[in-house]
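# A structural walkthrough
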Amino acid sequence: MNVKELLHRYEAGETKFTGISLSGVNLFGADLIGIVLNGADLHGATLIFAYLSRANFRKANLVGTRLSGANLNQAWLSGVNLSNADLHGASLQSADLRSANLTLASLLDANLMDADLRGANLSGADLTGACLRGANLREEKRMYTAKLRGAILQKVDLQGADLRGADLLKVNLRGANLRETNLREADLRGANLSDANLSSAFLTEVNLMGANLRGAILKNVKLERAILSEADLTGVNLQGAVMPDVRLSKAQVSRGNLSFARLNRADLSRTNLREANLSESDLIEAYLARTNLMGANLSNANLTRAELSTTNLMGANLQGATMPDGRIHDTD
Amino acid sequence: MKYTTPLRAKLLIFSLLYHPIKKTQHDWLLMKAKPLDDLLFELFSTCATLEELEAKLYQTAQALEDADENTQAAGAIAQSMKRFYER
């Protein structure tokens, strides 16, 4: 079938074109709202600025297809192959992209608000400036694990998105908006989260081992049982963070703001907390073996039953702090 | 910005700030190199009032191909930027 015939039949009211071959065709700006193209072959086709809302592309071949500026709102794209496709500035709001292959796709400035991306493979995709507010990327059983390994998510807007258990190994999320994002149990080992805003994010049991969190805003985050070993948290704002049983061994947290943070039973062995603000924090039964707290502010902190025998407290302010034996530290 | 696609918005703002976008490879690459966030910020810096912003957006939209689509985009951009002028 050629383009002329397709447009003619669509205009006549036909919408079902299951399994047809349209590879390499030019459908620039075409109005094909609600068209059914499941299992169709459209690889290398041009669909720039096309109107494709509520279109059905399930299991279609869209490899290398040019879809920049296309409107794909509420489209069915589950199981579609969009690898290497150009979706620059496309609108995919509330689209169903479950288990879609988006490897190496360009999603620059794309609108993915409320899109269902469970199990989608976004490895190596460029999502710079994309908006993913309310998108769902959560791991569900084993068959639905969103893969974002090595993806570029710089300055991406993921506010409120569901990324539970997502594979985000080594992703670049520099300057991203991750406020209120659900990242429970996500794998963020070695990720770049510098200058990202993670305020009120859910990071319970997240793995951030070796991640770069320099200048990140982590105010009021939930970090229970999270792994932050060897992470770079220099100068971060963790004020009021809930992080019992967190593992921060060998992490760099110098000059960080951890005032009012709840760090009970935390592993802070060999952590660099030089000049950090830990005032009013809870450190009950925390493990501080060889922790560097030089010049840190621990005023009114609760260190009951904390392990401090090898901690470097040179020049630290312990005024009003509750010490491991339960007594209150005095000014002398 | 729900009522237009991000690329349509970029095309219109780029045409307003620099030169009318043509469907050439060169112009498409120029648009790709400019993030939408940066274009919106430049637009805000260029237009002192909401009235000026709206006038320029609609004028640019009318001068481009696909005037209807671009006029719709002009409305969507003006609507989304309204709050910045009300501060």
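Calculation notes
- Residues numbered from 1 in each chain as written.
- Chains lettered and ligands numbered in written order.
- Predicted model: local features only at pLDDT ≥ 70, side-chain atom pairs only at ≥ 80, totals over all residues.
- Helix = DSSP H or I, 4+ residues; strand = E, 2+ residues; numbered from the N terminus.
- Buried ≥ 20, exposed ≤ 12 C-beta atoms within 10 Å, placed from the backbone.
- Contact = placed C-beta atoms within 7 Å.
- Nonpolar A, V, L, I, M, F, W, Y, C, P; charged D, E, K, R; others polar.
- Expected span 1.5 Å × (residues − 1).
- Bend = angle between axes of the 7 residues up to and from the residue.
- Axes fitted to C-alpha atoms, helices over the stretch in contact; angles between N-to-C directions.
- Parallel < 35°, antiparallel > 145°, perpendicular 65-115°, else oblique.
- Left-handed = near helix turned anticlockwise from the far one by under 90°.
- pLDDT = per-residue confidence, 0-100.

Let's shift gears to the overall build of chain B. Counting its secondary structure elements, chain B contains 5 helices and 0 strands. In sequence order, chain B lays out its α and β elements as α-α-α-α-α. Out of the 87 residues in chain B, the part that is buried amounts to 31%. Partitioning the contacts of chain B with sequence separation of at least 6, the portion at a separation of at least 24 is 66%.

Below, the discussion takes up the interface of chain B and chain A. The interface is formed by 10 residues belonging to chain B together with 16 residues belonging to chain A. Where the side of chain B that touches chain A is concerned, the elements lending two or more residues are helix 1 (6-17) and helix 3 (36-46) of chain B. Here the side of chain B that touches chain A gets 4 residues from one element, more than from any other, and that element is helix 1 of chain B. Taken together, the residues of the side of chain B that touches chain A sort by class into 4 nonpolar, 1 polar and 5 charged.

Right, let's talk about helix 5 (residues 67-86) of chain B for a bit. All names here are of chain B. Taking 1.5 Å per residue as the helical rise, helix 5 with its 20 residues ought to reach 28 Å, and the 28 Å between its terminal C-alpha atoms agrees with that figure. At Ser 80, helix 5 shows its strongest bend, of approximately 35 degrees. Turning to helix 5, its buried residues number three or more, namely Glu 69, Asn 70, Ala 73, Ala 74 and Ile 77. Lining the buried residues of helix 5 we find helix 1 and helix 4 (50-63).

Right, let's get into the packing of helix 4 of chain B against helix 5 of chain B. In helix packing, the relevant descriptors are the interaxial angle and the interaxial distance, both defined with respect to the helix axes. Residues and elements named next belong to chain B. Where helix 4 contacts helix 5, the two axes come as close as 8 Å, and the packing angle between them is 165 degrees. Accordingly, the angle class assigned to the pair helix 4 and helix 5 is roughly antiparallel. In terms of crossing hand, the pair formed by helix 4 and helix 5 is right-handed. Between helix 4 and helix 5, the contacting residues are Leu 50, Leu 53, Glu 54, Leu 57, Tyr 58, Ala 61 and Gln 62 on the first element and Ala 67, Asn 70, Thr 71, Ala 73, Ala 74, Ile 77, Ala 78, Met 81, Lys 82 and Tyr 85 on the second. Split into classes, the residues belonging to the contact of helix 4 with helix 5 amount to 12 nonpolar, 3 polar and 2 charged.

Here chain B shows a mean pLDDT of 91. Residues at 70 or above account for 98%. Confidence metrics for the complex model read pTM 0.79 and ipTM 0.92.

All names here are of chain A. Not every positive phi belongs to a glycine, and Arg 255 is a case in point at roughly 60 degrees. One can find Arg 255 in the segment after helix 1 (3-11). The class of Arg 255 is partly exposed, set by 17 C-beta atoms lying within 10 Å. One non-glycine residue with positive phi stands out, namely Arg 305, at about 55 degrees. Locating Arg 305 in the fold gives a position in the segment after helix 1. Owing to 16 C-beta atoms within 10 Å, Arg 305 belongs among the partly exposed residues under this scheme.

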